[in-house]
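Here are the chains, one letter per residue:
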Amino acid sequence: MAVTPFDVADPELAGSGSERIDWAARAMPVLAQIGERFSAARPLAGLSVAACMHVTAETANLMRVLRAGGASVALAASNPLSTQDEVAAALVADGVAVFARRGVDRAAYYAHIVAALDVTPPHLVLDDGCDLVTTLHTARTDLIAGVRGGTEGTTTGVIRLRQMARDGRLRVPMVAVNDTGTRRMFDNRYGTGQSTLDAIMRATNLLLAGRTLVVAGFGPCGQGVAERARGMGAHVLVTEIDPARALEATMDGFSVVPMAEAAARGDVFVTATGNRDVLRAGHFAAMRDGVILANAGHFDVEVDVRALASGATARRTVREQVEEFTQPDGRRLLLLAQGRVVNLAAAEGHPAAVMDMSFAGQALTLAWLAAGADLAPGVHPVPADIDAEVAALKLASLGVRLDVSSPEQLTYLRSWEQGS
Ligand code: ADE
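Just so we're clear, the structure is a prediction, and the values are computed from it rather than from any experiment. (Residues numbered from 1 in each chain as written. Predicted model: local features only at pLDDT ≥ 70, side-chain atom pairs only at ≥ 80, totals over all residues. Heavy atoms only, no water.)

## So, the overall build of the protein chain
Move 1: Looking only at helices and strands, the protein chain features 17 helices and 16 strands.
Move 2: The globule rule puts the C-alpha radius of gyration for 420 residues at 22 Å, and the 22 Å found for the protein chain is close to it.
Move 3: Expressed along its principal axes, the backbone C-alpha trace of the protein chain runs to roughly 70 × 65 × 45 Å.
Move 4: Within the protein chain, the proportion of its 420 residues that are buried is 53%.
Move 5: Relative to all contacts within the protein chain whose residues are 6 or more apart in sequence, the contacts with residues 24 or more apart total 70%.
Move 6: Of the roughly 18,300 Å² of accessible surface on the protein chain, a fraction of 53% belongs to carbon and sulfur atoms. (Helix = DSSP H or I, 4+ residues; strand = E, 2+ residues; numbered from the N terminus. Rg over C-alpha atoms; globule rule 2.2 N^0.38 Å. Buried < 20%, exposed > 50% of the residue type's maximum accessible area, 1.4 Å probe, protein only. Contact = heavy atoms within 4.5 Å. Areas by Shrake-Rupley, 256 points an atom, 1.4 Å probe, with all protein chains shown as cover.)

In structure tokens:
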């Protein structure tokens, strides 16, 4: 029998990884139901899946469901700092080809993605940030013809896919699971909102009440962070470039100010924009002693760490996940998790109850692709019935019941003759 290849930190950690995966499973009832269906119907039988995702206990539950559906699975990390090494080990023990070690450098990070693609030519791909798809289209173009399609789970990844499509470079159909109602609202807003604050507090033990927290970007992730921080007693300032979002933040009761002004007022800064250099040299110069800088966006480009380092007279780690950059005038700026996505690097990412919905949608979308959804290369929406089914299953698992429209109400909604 062929040996499954892997590269993880320590296979001996499998036992504790398995416990962690089982703990997450308790909060993932929708995914569990899909898993039961998959075990019976085997919708992925004979297919190989290559995934590039955060290697967490929640992702592990998705991998188990895909295997229950009959797929062989190879998994690389979608961030060098988010891998839970014990989970990676447990997945290897389950038979998943995992290439992920927490803390690898950039070269090893991309080598792992190539390794996951090379295990078995993939029929389906799962991506989280678009690094697997870009690697497929640059380093492993020979595999493209065999790929039926895939899913992308992040805002950043969908933006990159759309750019690839616009440039005529995207050669496989990709389904934007990030854009579903269940994902944008629950993952981005509630998941990022809670887990970002969780990470900041775990890393620093900061009391948020009474502090000024600056959120850059008022998309669903920034909204989640702003709302949760306000709920914990912080004064929240929002920075935006988009007028509609700035207006929404204003009407939600937040103060919207340019970053040039916020820089001098904030105690904690959280970037959630998807763009680069949101916090940069001019801002660092205006910040107060002891401020905390954290990034909640997918890539480590939002805080200009290079400028932060080059403008500092000293750089040292003062606590796990906290680096101090001393400025020439003695002020100390504290960067969390090297500017990488803080909720995964300094905490556990979105709670399992949130990932339950995202991953249920992802599993159903893969089954739909496997069943022969005939899509052209490009970026496609998740079928509306999949999104609605996931929401309905989640509500059922929470014991929440809905009202049902009466026949008269349905007729009213379908008619144009009746007004008042
Ligand atoms: N993205 C955000 N949170 C996550 C989690 N807990 N697992 C996998 N991917 C994630």
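## Overview of the sheet that holds strand β11 (residues 268-271)
Move 1: Strand order in the open sheet formed by eight strands is β10-β9-β8-β11-β12-β15-β14-β13, with mixed pairing between adjacent strands. The open sheet is flanked by β10 (255-256) and β13 (314-319), the only strands paired with a single partner.
Move 2: Of the pairings in the sheet, the one linking strand β14 (residues 322-326) to strand β15 (residues 332-336) comprises five bridges and is antiparallel in character. Each bridged residue has a counterpart across the sheet, and for valine 322 the counterpart in β15 is leucine 336.
Move 3: Helix α9 (residues 220-231) rests against β8 (212-216), β9 (235-239) and β11 of the sheet, and its axis sits at about 170° to β8. (Pairing = 2+ DSSP bridges. Axes fitted to C-alpha atoms, helices over the stretch in contact; angles between N-to-C directions.)

## A word on the pattern of salt bridges
Move 1: Considering all chains together, one arrives at 22 salt bridges under this definition.
Move 2: In this structure, aspartate 267 and arginine 211 form a salt bridge, with 3.6 Å as the shortest nitrogen-oxygen distance. Separated by 56 residues along the polypeptide, aspartate 267 in the loop between α11 (259-265) and β11 and arginine 211 in the loop between α8 (181-204) and β8 bring together distant segments of the chain.
Move 3: Since its relative accessible area comes to 32%, arginine 211 is described here as partly exposed.
Move 4: The structure contains a network of salt bridges with shared partners spanning Arg20, Glu86, Asp198, Arg202 and Glu348. (Salt bridge = Lys/Arg side-chain N within 4 Å of Asp/Glu carboxyl O.)

## Overview of a nonpolar patch on the surface
Move 1: Taken together, the side chains of Leu398, Val400 and Leu402 present a nonpolar region at the surface, about 310 Å² in accessible area.
Move 2: Turning to its location among the elements, leucine 398 is positioned in helix α16 (residues 384-398).
Move 3: Given the relative accessible area of 58%, leucine 398 is considered exposed. (Patch = residues over 30% accessible without salt bridge, like charges linked within 9 Å, V, L, I, M, F, W, Y side chains within 5 Å.)

## Concerning the sheet that holds strand β3 (residues 72-77)
Move 1: Read across the sheet, eight strands follow the order β1-β4-β3-β2-β5-β6-β7-β16 without closing on themselves; strand pairing throughout is parallel. Sheet topology places β1 (7-8) and β16 (378-380) at the edges, where each strand pairs with a single neighbour.
Move 2: With six bridges joining them, strand β2 (residues 48-53) and β3 adopt parallel strand pairing. By the bridge assignment, alanine 50 is partnered in β3 with alanine 74.
Move 3: Taken strand by strand, helix α7 (residues 155-166) contacts β6 (149-152), β7 (173-176) and β16, and its axis lies near 135° from that of β6.

## Description of helix α15 (residues 352-370)
Move 1: The first and last C-alpha atoms of α15 sit 26 Å apart over 19 residues, in line with the 27 Å expected at 1.5 Å per residue.
Move 2: Counting buried residues in α15 gives 17 out of 19 residues, a clear majority hidden from the surface.
Move 3: Positive phi appears at glycine 372, one or two residues downstream of α15, with a value of about 105°. (Expected span 1.5 Å × (residues − 1).)

## Focus on the packing of helix α2 (residues 29-41) against α16
Move 1: α16 packs onto α2 with a crossing angle of 115° between their chain directions and a minimal axis gap of 9 Å. The pairing of α2 with α16 is recorded here as roughly perpendicular in orientation. In this structure, α2 meets α16 at a crossing whose hand is right-handed. Facing α2, whose interface residues are Pro29, Val30, Gln33, Ile34 and Arg37, α16 presents Glu389, Leu393, Lys394 and Ser397.
Move 2: Residue composition of the contact of α2 with α16, by class: four nonpolar, two polar and three charged. (Parallel < 35°, antiparallel > 145°, perpendicular 65-115°, else oblique. Left-handed = near helix turned anticlockwise from the far one by under 90°. Nonpolar A, V, L, I, M, F, W, Y, C, P; charged D, E, K, R; others polar.)

## A short note on the side chain of threonine 156
Move 1: Mapping threonine 156 onto the fold places it in helix α7.
Move 2: Not counting residues within four places of it along the chain, the set of residues in contact with threonine 156 comprises Gly274, His298 and Phe299.

## A word on the site of the ligand
Move 1: The environment of the ligand is made up of His54, Thr56, Glu58, Thr59, Leu344, Glu348, Gly349, His350, Met355 and Phe359.
Move 2: A distance of 2.9 Å separates a nitrogen atom of the ligand from a polar side-chain atom of glutamate 58.
Move 3: Separating a nitrogen atom of the ligand from a backbone N or O atom of histidine 350 is a distance of 2.8 Å.
Move 4: Protein contacts shield 96% of the accessible area of the ligand, which totals 260 Å² for the unbound molecule.
Move 5: Split by residue class, the shell around the ligand holds three nonpolar, five polar and two charged. (Near = heavy atom within 4 Å. Polar contact = N/O pair within 3.5 Å; in protein donor to acceptor, adjacent residues only side chain to side chain.)

## A short note on helix α10 (residues 243-251)
Move 1: At the N-terminal boundary of α10, the capping side chain belongs to aspartate 242, with an oxygen 3.2 Å from the backbone nitrogen of alanine 244.
Move 2: Of the residues one or two after α10, glycine 253 is the one with positive phi, at around 95°.

In short, shape yes, function no, at least from these values alone.
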